[in-house]
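Coordinates in review
Letter by letter, the chains look like this.
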Amino acid sequence: MSLTLVSFNICPYVLRVVAALNHLKIPYEIKYIDLENKPDWFVKASPLEKVPILFVGETVLFESLVILDYINTLAPQSLLPNDNLQRALNRARAEFSGEIIGTFWSVFSAKTEDSFKNSLNDLKWYFEKLEGWLQQSKFIFSNELTLADFAYAPIFTLLSALKPLLKFNPFEGFPRLQEYYENILSIPGVQQSKVENYDQLIQERITKGAPFFLTL
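Residues numbered from 1 in each chain as written. Predicted model: local features only at pLDDT ≥ 70, side-chain atom pairs only at ≥ 80, totals over all residues. Heavy atoms only, no water.

1. Here we look at the overall build of the chain
What the chain contains, in helices and strands, is 10 helices and four strands. Listed by position from the N terminus, the elements making up the chain come as β-α-β-α-β-β-α-α-α-α-α-α-α-α. C-alpha extents for the chain along the principal axes are approximately 50 × 45 × 25 Å. Within the chain, the fraction of its 216 residues that count as buried is 48%. Residue pairs in contact within the chain that sit at least 24 positions apart in sequence constitute 70% of those at least 6 positions apart. When the accessible surface of the chain is totalled, it reaches about 11100 Å², and 49% of it is carbon and sulfur. Charge separation in the chain, taken as the distance between the mean sites of 20 positive and 24 negative side-chain charges, equals 1 Å. (Helix = DSSP H or I, 4+ residues; strand = E, 2+ residues; numbered from the N terminus. Buried < 20%, exposed > 50% of the residue type's maximum accessible area, 1.4 Å probe, protein only. Contact = heavy atoms within 4.5 Å. Areas by Shrake-Rupley, 256 points an atom, 1.4 Å probe, with all protein chains shown as cover. Lys, Arg positive; Asp, Glu negative; His and termini not counted. Charge placed at Lys NZ, Arg CZ, Asp CG, Glu CD.)

Listed below in structure tokens is the structure:
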């Protein structure tokens, strides 16, 4: 059955799905839309009018982690543990990444020093949790790459894109997280998940908002 992924070009959540599809070598097509001018077919297909959505034939799946769960079932070798409880724990750690993505945008869009510092403290709180998990294993759930790791791919691709603009190290004090960042970015499927000129597009979008961190 054909798979068609729908997104806009720098959506962080679609990066999760594209990276996993690439890694698992599952064939797919991708269509990019303009969220400021949503086509009628997309509005009808997407219950929340958000991306990504995945057409599986004529059936539509939405929510990136749900899509990840589904595409994992198409792979010859699952990226999830066999035990049901361990699978649930893996999903829980994947869910945790969503909170970080939201906080990430707050840090790099904050327009005042106070809002920047508050958001950065929130981000470091999440990073402390990740550092604790990563003290126990190479990846976010175990020493083997699992589905949960792909949920974190957009956080690190975004940070990598913004690196030329940063005058501070977000990973200071988090050595295991720094290693994890490098490990995830080294995965070929993650490297291939970005559109052409992704870094430039991210930098332009962020700088357009004149965020505080650029004044550091």
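2. Considering the sheet that holds strand 4 (residues 59–62)
Strand order in the open sheet made by the four strands is 2-1-3-4, with mixed pairing throughout. Of all the strands in the sheet, the pair left with one neighbour each is strand 2 (29–32) and strand 4. Direction aside, neighbouring strands of the sheet carry axes that sit 25° apart on average. In this sheet, strand 4 lies alongside strand 3 (residues 53–56) in antiparallel orientation, the contact comprising four bridges. The partner of Ile53 across the bridge, within strand 4, is Phe62. (Pairing = 2+ DSSP bridges. Axes fitted to C-alpha atoms, helices over the stretch in contact; angles between N-to-C directions.)

3. Concerning the UniProt feature "domain: GST C-terminal" (unreviewed entry) in the chain
The sites that UniProt annotates as "domain: GST C-terminal" (unreviewed entry) are residues 83–212. Between the end C-alpha atoms of residues 83–212 there is a gap of 46 Å, over a span that is 68% helix and 0% strand. (UniProt positions renumbered as here; feature names shortened; annotations may be inferred.)

4. Regarding the side chain of Ser193
Topologically, Ser193 is positioned in the loop between helix 9 (188–191) and helix 10 (198–208). With near-sequence residues (within four places) excluded, Ser193 lies in contact with Leu15, Val18, Ala19 and Asn22.

5. Side note on helix 5 (residues 113–134)
The end-to-end C-alpha separation of helix 5 is 30 Å, in line with the 32 Å expected for 22 residues at 1.5 Å each. Buried within helix 5 are the following residues: Phe116, Ser119, Leu120, Leu123, Tyr126, Phe127, Leu130, Glu131 and Leu134. Taken around the axis of helix 5, the buried residues stretch over an arc of 150°, which confines them to a single face. Buried residues along helix 5 sit in contact with helix 4 (84–109) and helix 8 (175–185). (Expected span 1.5 Å × (residues − 1). Arc of directions from axis to C-beta.)

6. Looking at the environment of Glu204
Structurally, the position occupied by Glu204 is in helix 10. Given the relative accessible area of 42%, Glu204 is considered partly exposed. For the pair formed by Glu204 and Leu162, sequence separation is 42 residues and the distance between their alpha carbons is 10.0 Å.

7. Focus on the pattern of salt bridges
Scanning all chains against the criterion turns up six salt bridges. Here Lys117 and Glu113 are joined by a salt bridge, their closest N and O atoms 2.9 Å apart. Separated by four residues within a single helix, Lys117 and Glu113 lie in helix 5, roughly one turn from each other. By relative accessible area, which is 40% here, Glu113 ends up partly exposed. (Salt bridge = Lys/Arg side-chain N within 4 Å of Asp/Glu carboxyl O.)

8. Examining unusual backbone geometry
Residues Val51 and Pro52 are joined by a peptide bond in cis, for which omega reads 0°. Note that Pro52 resides in the loop between helix 2 (40–45) and strand 3. One non-glycine residue, Lys25, adopts positive backbone phi at about 60°. Secondary-structure assignment places Lys25 in the loop between helix 1 (12–24) and strand 2. Look at Lys25 and you get exposed, because its relative accessible area is 71%. Located in the positive-phi region is Glu63, a residue other than glycine, with phi close to 80°. With respect to the helices and strands, Glu63 occurs in the loop between strand 4 and helix 3 (64–74). Classification of Glu63 as partly exposed rests on a relative accessible area of 41%.

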